[in-house]
Amino acid sequence: MKYILFSLLSLFSVSLWAHPHSFVDLKTKALVNDKTLTGFQMDWTLDEIASSTLIYELQASDRPDKTKSTILNEMIETAKEEHYFSYLYNQKNDLIKFTDKPEDYAFEIKNNRIIFTVKFYLEKPQQLGELPTVLMTYEPTYYMGMEYNSEKELAMTDSNCQIRLIQPKVDNSLKQYASGLDKDQTPEDGSLGRHFAQKVSMTCK
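What you see is a predicted model, and the numbers here were worked out from it, not measured in a lab. (Residues numbered from 1 in each chain as written. Predicted model: local features only at pLDDT ≥ 70, side-chain atom pairs only at ≥ 80, totals over all residues. Heavy atoms only, no water.)

### Overview of the overall build of the protein
Helices and strands together make up the secondary structure of the protein, namely five helices and eleven strands. Going through the 205 residues of the protein one by one, you find that 47% of them count as buried. Sequence separation of 24 or more characterises 72% of the internal contacts of the protein that already satisfy a separation of 6 or more. Accessible surface for the protein amounts to roughly 11,300 Å². Of this, 46% is attributable to carbon and sulfur atoms. (Helix = DSSP H or I, 4+ residues; strand = E, 2+ residues; numbered from the N terminus. Buried < 20%, exposed > 50% of the residue type's maximum accessible area, 1.4 Å probe, protein only. Contact = heavy atoms within 4.5 Å. Areas by Shrake-Rupley, 256 points an atom, 1.4 Å probe, with all protein chains shown as cover.)

Next up, the structure:
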């Protein structure tokens, strides 16, 4: 999806300043059974500019079903290559890997915006406990901003567990640095997006 968004933004003649240059609204459901985390179901809602270009491409196509399939395949391949833009840390703060076999991926148009849905799984399911297991979702260069509008965008399939949204604390100098980057610049910090990423904290008693 990052490749698609980069391509879309390059179509516009207007010079875009400040990272991020595109925005994705997040919605996540943690797949938990008997206090064991097995994966996530995510919705990524593209911003209006990116969505409008893809919608136009679909409407202008003489084979819309094939065009939709091509766009979907590009989205899911990019998602897999980028580890679903997600980083999961267990109670020991170890980074947990995801499989490259997502399920139930699709996209729809709602209120003139593209909503991409994907379900992906952990290579090794993780037992949740009183110490938090933490999920962060971000694009490393911060070219694309990915965030939850509120804690209401989070859910869990185990009612005995709790899921919370923690906002990042970003230094003003870093905010100024990001705001000074144009769309053709690559930040010196290859993990700039991490500093702006929200944390999803999951615990079970």
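### Quick word on the packing of aromatic side chains
Enumeration according to the criterion identifies eight aromatic pairs in this entry. On the numbers, 6.0 Å between centres and 45° between planes, the contact of Phe 40 with Phe 120 is tilted. On the criterion of sequence distance, the pair formed by Phe 40 in strand β2 (residues 36-46) and Phe 120 in strand β6 (residues 113-127) is long-range, its members being 80 residues apart. Each member of the pair, Phe 40 as well as Phe 120, is classed as buried. (Phe/Tyr/Trp six-rings, centres within 6.5 Å; stacked < 30°, edge-to-face > 60°.)

### A word on helix α3 (residues 64-81)
In this model, α3 (18 residues) spans 26 Å end to end at C-alpha, consistent with the 26 Å of a helix rising 1.5 Å per residue. By the burial criterion, the buried members of α3 are Thr 67, Ile 71, Leu 72, Met 75, Ile 76, Thr 78 and Ala 79. The arc that holds the buried residues of α3, viewed along the axis, is 160°, so those residues lie on one side. Pointing more than 90 degrees away from the buried face of α3 are the exposed residues Asp 65 and Glu 81. Following α3 by one or two positions, His 83 has its phi on the positive side, about 60°. (Expected span 1.5 Å × (residues − 1). Arc of directions from axis to C-beta.)

### Here we look at the nonpolar core
Among the nonpolar cores identified, the biggest contains 42 residues, and Leu 37, Phe 40, Trp 44, Leu 88, Leu 135 and Met 202 are the most heavily contacted of them. Counting residues in each nonpolar core, the second largest holds six residues, with Tyr 87, Val 134, Tyr 138 and Ala 197 among its members. (Core = buried A, V, L, I, M, F, W, Y, C linked by side-chain atoms within 4.5 Å.)

### A word on the sheet that holds strand β3 (residues 86-89)
The antiparallel open sheet is built from five strands, whose spatial order is β4-β3-β7-β11-β10. With one partner strand each, in any of the chains shown, β4 (95-96) and β10 (161-166) form the two edges of the open sheet. (Pairing = 2+ DSSP bridges.)

### What to know about the state of the cysteines
With the rule as written, the count across this model stands at one disulfide. Linked covalently through their sulfurs, Cys 161 and Cys 204 form a disulfide whose S-S length is 1.8 Å. When the S-S torsion is 100°, as for the bridge of Cys 161 with Cys 204, the disulfide is right-handed. Residue Cys 161 is located in strand β10, and its partner Cys 204 is located in strand β11 (residues 199-204); the two are separated by 43 residues in the primary sequence. Take Cys 161 and Cys 204: they sit in the same class, and that class is buried. (Disulfide = S-S within 2.5 Å.)

### Looking at helix α2 (residues 48-60)
Taking 1.5 Å of rise per residue, 13 residues should cover 18 Å, and α2 covers 18 Å from first to last C-alpha, within 8% of that figure. All of the buried residues along α2 are Ala 50, Ser 51, Thr 53, Leu 54, Ile 55 and Leu 58. Capping the start of α2 is the job of one residue whose side-chain oxygen sits 3.2 Å from the backbone nitrogen of Ile 49: Asp 47. (Polar contact = N/O pair within 3.5 Å; in protein donor to acceptor, adjacent residues only side chain to side chain.)

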